[in-house]
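# Structural features, examined
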Amino acid sequence: MDKILITGVSGSLGRLLARRLRAEAEVSGVDRRPWPGRPTSISLHAVDLRKRAFEEVLRKEAPRAVVHLSSATGANSDSRRHDHNVAATQKLLAHCARHRIERVVVLSSAGVYGAAPENPFGIEEEHALSASREYPEIRSLVQRDSLACAAMWKYPDLSIAVLRPVHVLGETSQAPVAALLRRRRVPTAMGFDPPMQFLHERDLVDAVALTLTHKLSGVFNVVGPGQVPLHTAIRACGGEPWPLPEFLGRPVFRRFSALGTWPAGVIDYFKYPLIVSGRRFEEATQWKPLFGLPEIFEAMRA
């Protein structure tokens, strides 16, 4: 891949990916946030994905591939999340098809499957996306994932890969669960200690690079080195579980959600197991994560 454009490039994951890919390709990025200390070899365009200026960036840069990392989280209003996650993705895919971009990688999350007591063990990519039923904060992320999947049929000449990684941790990860595990006391649901899967942010960056190298299309779960009970993970990250009865726990999570810290629905991911299978991605790329669970938790402590 000689030219790659990354949306959301100024975020922590975008910076890691841009630095990872610039040895192999000419990298440019789109983000309205600044990137202090950005390498001069990586060009940055401060434009809105929904505006005509983004189409001008595509025309100017003429990338062979686009990696779509940009997303709005539960900290934003419903309308902003919808505009950023759904409307912007719809525009991006249409522009990529119009300008004959070869491939697009859309970063989603295993969280789109939802947290429910009836979840099977080893969820595969065909499983229903149920998160939007109970968690309005991530409803637009489910819609964005579904939109990208539908675009595979709508734009047959555009190769689209959707990646659904498990919980991403690391030194710079800004994911909601990472924010929680950095706390000294981590609120949890009393009586529940579900197994959870984690992935180091640098392994996710490598997974995106492999997706481009292998020219993958389709939907792929990206799974880390194993699973561990939630309370064990909290202690390994340097914190202590703070079990709360549900009638207290949900207001606590809603309060922090209102402050923009993490989505209120995270409490159910701390109750019910969400264990996905990464078999499809591993078979397609021969990929194995480099970071084990002890290294992942050490990175969080650091």
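The structure this text deals with has already been given above.
An account of the accompanying structure is given in this report.

Rules used in this analysis
- Residue indices begin from 1 for each chain and proceed along its sequence in written order.
- For a predicted model such as this one, the threshold for reporting local features is a pLDDT of at least 70, and the threshold for listing and counting side-chain atom pairs is 80 or more; totals across whole chains, interfaces and linings nevertheless cover every residue.
- Only heavy atoms go into the side-chain values, all of them from the structure, while hydrogens and water stay out.
- Each helix corresponds to a stretch of at least 4 residues labelled H or I by DSSP, and each strand to a stretch of at least 2 residues labelled E; elements are numbered beginning at the N terminus.
- Note on method: radius of gyration uses C-alpha positions; expected globular size equals 2.2 Å times residues raised to 0.38.
- Using a 1.4 Å probe on the protein chains alone, a residue whose accessible area is under 20% of its type maximum counts as buried, one over 50% counts as exposed, and one in between counts as partly exposed.
- Whether two residues are in contact is decided by their heavy atoms: any pair within 4.5 Å suffices.
- The pairing criterion is simple: DSSP has to find at least two bridges between the two strands.
- Lines are fitted to the C-alpha atoms to define the axes, a helix being fitted only along its stretch in contact, and any angle between axes, read from their N-to-C directions, falls within 0 to 180 degrees.
- Aromatic contacts are taken between Phe, Tyr and Trp rings whose centres are within 6.5 Å, Trp giving its six-membered ring; a plane angle under 30 degrees counts as stacked, one over 60 as edge-to-face, and the others as tilted.
- What the arc covers is the set of directions going from the helix axis to the C-beta atoms.
- Buried Ala, Val, Leu, Ile, Met, Phe, Trp, Tyr and Cys residues form a nonpolar core when they are joined through side-chain atoms within 4.5 Å.

Next up on the list: the overall build of the protein. Of the regular secondary structure elements, the protein holds eleven helices and twelve strands. Over its C-alpha trace the protein gives a radius of gyration of 19 Å, about what one expects of a compact globule, namely 19 Å for 302 residues. Overall, the protein is about 55 × 40 × 40 Å in size when its C-alpha atoms are taken along their principal axes. Counting all 302 residues of the protein, 55% fall into the buried class. Counted over contacts in the protein with a minimum sequence separation of 6, partners at least 24 positions apart contribute 73%.

So, about the sheet that holds strand β9 (residues 195–200). The mixed open sheet is built from three strands, whose spatial order is β7-β9-β11. Where the open sheet ends on each side, the last strands, each with one partner, are β7 (167–169) and β11 (227–229). With strand direction ignored, the average angle separating the axes of adjacent strands in the sheet is 50 degrees. Where β9 lies against β11, three bridges are found, and the strand directions are antiparallel.

Assignment of secondary structure puts Thr 188 in strand β8 (residues 185–189). The exposure class of Thr 188 is buried, given its relative accessible area of 1%. The residues contacting Thr 188, other than those within four sequence positions of it, are Leu 230, His 231, Ile 234, Trp 242, Pro 243, Leu 244 and Phe 270.

The next thing to look at is the sheet that holds strand β4 (residues 65–68). With parallel pairing, seven strands are arranged side by side in an open sheet as β3-β2-β1-β4-β5-β6-β10. Two strands close off the open sheet at either side, each with one partner strand: β3 (43–45) and β10 (218–222). Neighbour-to-neighbour, the strand axes of this sheet turn through a mean angle of 20 degrees, independent of strand direction. Here strand β1 (residues 3–7) pairs with β4 via four bridges, running parallel. Within the sheet, the bridge partner assigned to Thr 7 lies in β4 and is His 68.

Glancing now at unusual backbone geometry. Among all residues except glycine, the phi angle is most often negative; among peptide bonds, the trans geometry is most common. For Lys 215, which is not glycine, the phi dihedral falls at a positive 50 degrees. Its place among the elements puts Lys 215 in the loop between α6 (201–213) and β10. Judged by its relative accessible area of 48%, Lys 215 is partly exposed. A positive phi is found at Gln 286, a non-glycine position, where the angle reads about 60 degrees. Relative to the helices and strands, Gln 286 resides in the loop between α10 (279–285) and α11 (293–301). Classification of Gln 286 by relative accessible area gives exposed; the value is 65%.

This part covers the packing of aromatic side chains. Counted according to the given criterion, the structure contains four aromatic pairs. Judged by centre distance (6.1 Å) and plane angle (80 degrees), the ring pair of Phe 192 and Tyr 272 falls under edge-to-face. Residue Phe 192 is found in the loop between β8 and β9, and its partner Tyr 272 is found in the loop between α9 (266–269) and α10; the two are separated by 80 residues along the sequence. Ring geometry for Phe 198 against Phe 297: centres 5.7 Å apart, planes inclined by 75 degrees, an arrangement best described as edge-to-face. Of this pair, Phe 198 sits in strand β9 while Phe 297 is found in helix α11, placing the two residues 99 residues apart along the sequence.

Let us now look at α11. Listed in full, the buried residues belonging to α11 are Leu 293, Ile 296, Phe 297, Ala 299 and Met 300. Within α11, the buried residues cover an arc of 150 degrees as seen down the axis, which keeps them to one side. Contacts from the buried residues of α11 go to β7, α5 (176–181), β9, β11 and α7 (230–236).

With that settled, the discussion passes to the nonpolar core. Judged by nonpolar contacts, the single largest core of 45 residues is most densely connected at Ile 4, Ile 6, Leu 17, Leu 21, Val 67, Leu 163 and Val 276. Counting residues per element, this core draws most heavily on α6, which supplies six residues. Excluding anything up to four places from it in sequence, Leu 21 contacts Ile 4, Ile 6, Val 27, Ala 209 and Leu 212. Counting 24 residues, the second-largest nonpolar core is a separate cluster that includes Val 57, Leu 93, Val 106 and Cys 149.

This paragraph deals with helix α2 (residues 52–61). Taken as a whole, α2 has its buried residues at Phe 54, Glu 55, Val 57, Leu 58 and Glu 61. In an axial view of α2, the angular spread of the buried residues amounts to 150 degrees, which keeps them on one side of the axis. Of the exposed residues in α2, those oriented more than 90 degrees away from the buried face are Arg 52 and Lys 60. Just past α2, the residue Ala 62 takes up positive phi, approximately 50 degrees.

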